[in-house]
Amino acid sequence: RRLRDFVARGEVDKSIEDLPELIEDASKLALIGARECGVRSFINCAPLATPVLVDRVQIQQVIVNLVRNAIEAMSDARVRELRVATRLRTDGFIEVSVEDTGPGIPEEILPRLFKAFVSSKTEGMGLGLSICRTIVEAHGGRIWVEQRQDGGSIFRFTLIHAQVEDANEH
């Protein structure tokens, strides 16, 4: 319901969230059935890359979508490794990356990848990445993709680092 409200009206209900916990919860849902498909998953959250100021449900939706896409992309791959990682950037943003060992994104689709109704999947509607971009941008971040040198993709997006004041430092 919150995701529908957001898409309809752009509503974001932000709170300070622990990013590793948010990623863990989203990954549990996104990774259902992945091990049975031969996917090995690794989550590496940098200790300083938290907390974030986000709408928890919306950012979990972004993570679920990127992880599910990665799992689908690797369905025919010999090596099926999924890596989700976070890092604190020097510009004060936190970067989340979702990396897969699939075939990568076809070159002709890359420039339009985050536009609505663009998909490299035969059954895809092409809305998932468009919604991801809308959500990330509504949170003050950006989302992009890079091709891995040895095949596969790395989807990256940024979130605002919530600098929490230490209550003991008054």
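None of the values given here were measured: they were computed from a predicted structure. Along each chain, residues carry numbers from 1 onward, in the same order as the chain's sequence is written. Local features in this predicted model are restricted to residues whose pLDDT is 70 or higher, and side-chain atom pairs enter the listing and the counts only when it is 80 or higher, whereas totals over whole chains, interfaces and linings include all residues. With hydrogens and water excluded, all non-hydrogen atoms of the structure serve as input to the side-chain values.

## Describing the overall build of the protein chain
Basically, it comes down to this: Put simply, DSSP H or I for four residues or longer makes a helix, DSSP E for two residues or longer makes a strand, and each gets a number counted from the N terminus. Under the scheme applied here, a residue whose accessible area is under 20% of the maximum for its type counts as buried, over 50% as exposed, and between as partly exposed, the area being computed with a 1.4 Å probe on protein chains only. The contact criterion used throughout is that any non-hydrogen atoms of two residues lie within 4.5 Å. Reported accessibility uses the Shrake-Rupley method at a 1.4 Å probe radius. Residues are deemed covered only where the shown protein chains occlude them.
Looking only at helices and strands, the protein chain features four helices and seven strands. Each helix (α) and strand (β) of the protein chain, taken in turn from the N terminus, gives the series α-β-α-β-β-α-β-β-α-β-β. Taking all 170 residues of the protein chain together, the buried fraction comes to 43%. Residue pairs in contact within the protein chain that sit at least 24 positions apart in sequence constitute 71% of those at least 6 positions apart. Accessible surface computed for the protein chain: about 9,800 Å², of which carbon and sulfur atoms make up 50%.

## Digging into the pairing of strand β7 (residues 153-160)
Stated formally: For two strands to be treated as a pair, DSSP must find at least two bridges joining them.
With respect to burial, β7 is a largely interior element, seven of its eight residues being buried. With seven bridges joining them, strand β5 (residues 93-99) and β7 adopt antiparallel strand pairing. When the bridges of β7 are listed, I94 appears paired with L159. One ladder, built from five bridges, connects strand β6 (residues 143-147) with β7; its direction is antiparallel. Of the residues in β7, the one forming a bridge with I143 is F157. Counting the residues between successive antiparallel strands, the hairpin from β6 to β7 contains five residues, one of them, G151, with a positive phi of roughly 95 degrees.

## Overview of unusual backbone geometry
Geometrically, the link from T50 to P51 is a cis peptide bond, its omega value of 0 degrees lying close to zero. Here P51 lies in the loop between β2 (40-45) and β3 (52-54).

## Structural notes on the packing of helix α2 (residues 19-30) against helix α3 (residues 56-73)
Defined as follows: The axes are straight lines fitted to the C-alpha atoms, using for helices just the contacting stretch, and the angles between their N-to-C directions are given from 0 to 180°. The scheme is simple: roughly parallel for angles under 35 degrees, roughly antiparallel for over 145, roughly perpendicular for 65 to 115, oblique for anything else. By the definition used in this description, the sense in which the near helix is turned from the far one sets the handedness, with an anticlockwise turn below a right angle giving left-handed and a clockwise turn giving right-handed. By the convention adopted, Pro, Cys, Tyr, Trp, Phe, Met, Ile, Leu, Val and Ala count as nonpolar, Lys, Arg, Asp and Glu as charged, and the other residues, Gly among them, as polar.
Their axes nearest at 9 Å, the elements α2 and α3 cross at an angle of 45 degrees. Our classification of the angle between α2 and α3 gives oblique. Handedness of the crossing formed by α2 with α3: right-handed. Two secondary-structure elements touch here, α2 through E21, L22, I23, D25, A26, L29 and A30 and α3 through R56, I59, Q60, I63, V64, V67, R68 and I71. Partitioning the contact of α2 with α3 into residue classes produces 10 nonpolar, one polar and four charged.

## Considerations on the sheet that holds β5
Taken in spatial order, the five strands line up as β2-β4-β5-β7-β6 in an open sheet, and their pairing is mixed. Strand pairing shows two members of the sheet lacking a second neighbour, β2 and β6, which therefore form its edges. Along the sheet, successive strands turn relative to each other by an average axial angle of 15 degrees, direction set aside. Packing against the sheet, α3 makes contact with β4 (81-88), β5, β6 and β7, and its axis sits at approximately 175 degrees to β7.

## Considering the packing of α3 against helix α4 (residues 128-138)
α4 packs onto α3 with a crossing angle of 145 degrees between their chain directions and a minimal axis gap of 10 Å. By crossing handedness, the relation of α3 to α4 is classed as left-handed. Of the residues in α4, those in contact with Q58, I59, V62, N65, L66 and N69 of α3 are G128, L129, C132, I135 and V136. The class makeup of the residues in the contact of α3 with α4 is seven nonpolar, four polar and no charged.

## Remarks on the environment of K14
The residue K14 is located in the loop between α1 (2-9) and β1 (15-17) in this model. Accessibility expressed as a relative area gives 35% for K14, which makes it partly exposed. Ignoring any residue separated from it by four or fewer positions in sequence, one finds K14 in contact with L53, V54, D55, A138 and H139.

## With respect to the environment of L53
As for its position among the elements, L53 is in strand β3. Ignoring anything within four residues of it in the chain, the contact list for L53 reads K14, S15, I16, H139, I160 and A162.

The analysis is restricted to geometry; functional conclusions fall outside its scope.
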